[in-house]
Amino acid sequence: MVSHFGELNICRLPLDPRQTLLAFDQGDLLALDYIHEQKLLQPHSRVLLVNEPFAAVTCGLTEAVKTLTGGVPTLWSDSHIALQALAYNAQHNDLPLADFVPAHETPQGAFDLVVLKLPKSHRLLKDQVARLLPQLAAGTTIIMPVMVKHLDTPLFQLLESLLGPLTTSLARKKARLVLAEKGEVGGGESPPAQTQRWSVEGLGLTLDHYSGVFSSTRLDPGAQVLLENFPDGSYQHIIDLGCGNGVQAIMAAKKWPQSQVVGVDESFMAVASATSNALANGVGPQCRFITNDCLTDMGPQSADLILCNPPFHQERVVGDQIAMRMFAQAAQVLVADGELWVVGNRHLGYHAKLKRWFKRVQQIGSHPKFVVLKARL
Ligand SMILES: C[S@@+](CC[C@H](N)C(=O)[O-])C[C@H]1O[C@@H](n2cnc3c(N)ncnc32)[C@H](O)[C@@H]1O
């Protein structure tokens, strides 16, 4: 990645030699150039980067921030992979490690330069901006790099309603900057992270969601189909892979009270939500929730049941790469006679794909849109 701040080798994680996507986009480069041209980094600067997937701009600015201010930038993100990418890219470019704050916590300012990558979820955006504003110093510049195709009128209007008058840069290579100046001193007291509470009809559960958590106002239809076709064996060590709000983990803990259940998600907000949901629904001691990229570094042959409602996109990038990694790693983590239960849209063809790692794949139940598959080694 070449910018006015130097040349860095910035990688996407997980590392994959077949990967063709870059770890940064034209919006990131535009933001770095703008910071340089406008001389926005000053000896007193405190710099906050928000929602950067692979810490490219964070690393791009780290050396200059360190030299000018003696401090490091702060990355605020909901992603475990972003945290790993920050560590990897800092280490491989000999940079000091920037601070990291997970999205359900609030970074403490006062910050006077912010680069905000807009999340796909407007609920998360509103929550982050509400907590961010009190942490800004007077005159802070908020730089929002966007790809032009993602900047529609409703998004622009939402940003104006949250941040007041905006300006935009000229577009360059299909990217543009949306800019806001915040004039007031925020006072330092942010509201708590927003949560949404709802009851799951028929299951007797109440679930709380932080703003970035998948399906935050109702049960996901895929989740519902998996719950309707729950396994009926007996299991001791259960994993809910991509646990989100923890609904599968909680129902598994209730169905198999002797079991230990581990929920894994790459979202800090998901893990925080699932942890409090398990407690609130009476299965806290039986469940443990951790952030991780799929099942990385989890013990081989350590689970006899893995439940999985896999993601089909990573932010705006749609695809089954994450699901494929989940299936491959599940095959390593299951005991010899263990079972992976997957729910997915029919058209995704998971049945054939699972056969790369599992000898026996069986369709369980039937639904017009979804299939539930049981895979064994
Ligand atoms: C379709 S949602 C399922 C959520 C929940 N299990 C349910 O059934 O409602 C998929 C979940 O996978 C998580 N996820 C995405 N990428 C992941 C990764 N690399 N490792 C672990 N979890 C991931 C997402 O954050 C999301 O919560």
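Right above here is the structure, for reference.
Residues numbered from 1 in each chain as written. Predicted model: local features only at pLDDT ≥ 70, side-chain atom pairs only at ≥ 80, totals over all residues. Heavy atoms only, no water.

A. Region of interest: the overall build of the protein. When helices and strands are tallied, the protein shows ten helices and 20 strands. Reported as C-alpha extents along the three principal axes, the dimensions of the protein are approximately 65 × 40 × 35 Å. Across the 377 residues of the protein, 54% fall into the buried class. Taking as baseline every contact in the protein between residues at least 6 positions apart, the subset at least 24 positions apart corresponds to 72%. As displayed, the protein has an accessible area near 16,900 Å², and 52% of this comes from carbon and sulfur atoms. (Helix = DSSP H or I, 4+ residues; strand = E, 2+ residues; numbered from the N terminus. Buried < 20%, exposed > 50% of the residue type's maximum accessible area, 1.4 Å probe, protein only. Contact = heavy atoms within 4.5 Å. Areas by Shrake-Rupley, 256 points an atom, 1.4 Å probe, with all protein chains shown as cover.)

B. Geometry of the sheet that holds strand β14 (residues 287-291). Pairing within the open sheet is mixed, and its seven strands lie in the order β14-β13-β12-β15-β18-β20-β19. Strands with a single pairing partner mark the edges of an open sheet, and in this sheet they are β14 and β19 (360-364). Within the sheet, the average angular offset between the axes of one strand and its neighbour, ignoring direction, is 20 degrees. One ladder, built from five bridges, connects strand β15 (residues 303-308) with strand β18 (residues 334-345); its direction is parallel. Following the sheet pairing, Leu-307 is matched in β18 by Trp-341. (Pairing = 2+ DSSP bridges. Axes fitted to C-alpha atoms, helices over the stretch in contact; angles between N-to-C directions.)

C. Here's a closer look at the site of the ligand. Surrounding the ligand, one finds 19 residues, the nearest of these being Gly-242, Asp-265, Asp-293, Cys-294 and Asn-309. The contact in question runs from an oxygen atom of the ligand to an N or O atom on the side chain of Gln-248, over 3.3 Å. Between Asn-292 and the ligand, the recorded distance is 3.4 Å, taken from a backbone N or O atom to a nitrogen atom. Coverage of the ligand by the protein chains reaches 93% of its 590 Å² of free accessible surface. (Near = heavy atom within 4 Å. Polar contact = N/O pair within 3.5 Å; in protein donor to acceptor, adjacent residues only side chain to side chain.)

D. Structural detail: the pairing of β14. Pairing between strand β13 (residues 260-265) and β14: five bridges, direction parallel. Within the sheet, the bridge partner assigned to Val-264 lies in β14 and is Ile-290.

E. Molecular detail of the sheet that holds strand β8 (residues 166-168). Taken in spatial order, the seven strands line up as β5-β4-β3-β6-β7-β9-β8 in an open sheet, and their pairing is mixed. A strand with exactly one partner marks an edge of an open sheet, and here the two such strands are β5 (99-102) and β8. Ignoring strand direction, the axes of neighbouring strands in this sheet form an average angle of 20 degrees. The pairing of β8 with strand β9 (residues 175-182) spans three bridges and is antiparallel. Across the sheet, residue Leu-166 finds its bridge partner in β9, namely Ala-180. Packing against the sheet, helix α5 (residues 153-163) makes contact with β7 (136-147), β8 and β9, and its axis sits at approximately 135 degrees to β8.

F. Spotlight on the side chain of Ser-3. As for its placement among the helices and strands, Ser-3 is situated in strand β1 (residues 2-3). On the basis of relative accessibility, which here comes to 14%, the residue Ser-3 falls in the buried class. With sequence-adjacent residues up to four places away left out, Ser-3 is seen in contact with Leu-32 and Asp-33.

G. Representation of the environment of Asp-16 within the structure. In this structure, Asp-16 sits in the loop between β2 (6-7) and α1 (26-37). Residues Asp-16 and Glu-189, 173 residues apart in the sequence, show an inter-C-alpha distance of 42 Å.

H. Structural context of the packing of helix α4 (residues 122-132) against α5. In the contact formed by α4 and α5, the axes pass within 10 Å of each other and the chain directions differ by 20 degrees. Between α4 and α5, the interaxial angle falls into the category roughly parallel. Crossing angle aside, the handedness with which α4 passes α5 is right-handed. Contact with α4, carried on its side by His-122, Leu-125, Lys-126 and Val-129, involves Leu-155, Leu-158, Leu-159, Leu-162 and Leu-163 of α5 and no other residues of that element. Residue composition of the contact of α4 with α5, by class: seven nonpolar, one polar and one charged. (Parallel < 35°, antiparallel > 145°, perpendicular 65-115°, else oblique. Left-handed = near helix turned anticlockwise from the far one by under 90°. Nonpolar A, V, L, I, M, F, W, Y, C, P; charged D, E, K, R; others polar.)

I. Main features of the packing of aromatic side chains. Counting across every chain of the model gives four aromatic pairs. An angle of 45 degrees between the planes, with centres 5.6 Å apart, marks the rings of Phe-100 and Phe-268 as tilted. Note that Phe-100 is positioned in strand β5 and Phe-268 in helix α8 (residues 268-280), a separation of 168 residues in sequence. Across the pair, Phe-268 and Phe-100 agree in class, each one buried. Seen from their ring centres, Phe-230 and Trp-256 are 5.9 Å apart, and the 25 degrees between their planes marks the pair as stacked. With Phe-230 in the loop between α6 (221-228) and β12 (237-241) and Trp-256 in the loop between α7 (247-255) and β13, this residue pair connects regions lying 26 residues apart in the sequence. Here Phe-230 and Trp-256 have matching classes, each one buried. Through a chain of ring-to-ring contacts, three or more aromatic side chains come together here, namely Phe-230, Tyr-235 and Trp-256. The ring of Phe-111 has Arg-46 lying over it, and the distance from NZ or CZ to the ring centre is 4.5 Å. (Phe/Tyr/Trp six-rings, centres within 6.5 Å; stacked < 30°, edge-to-face > 60°. Lys NZ or Arg CZ within 6 Å of the ring centre and 35° of its normal.)

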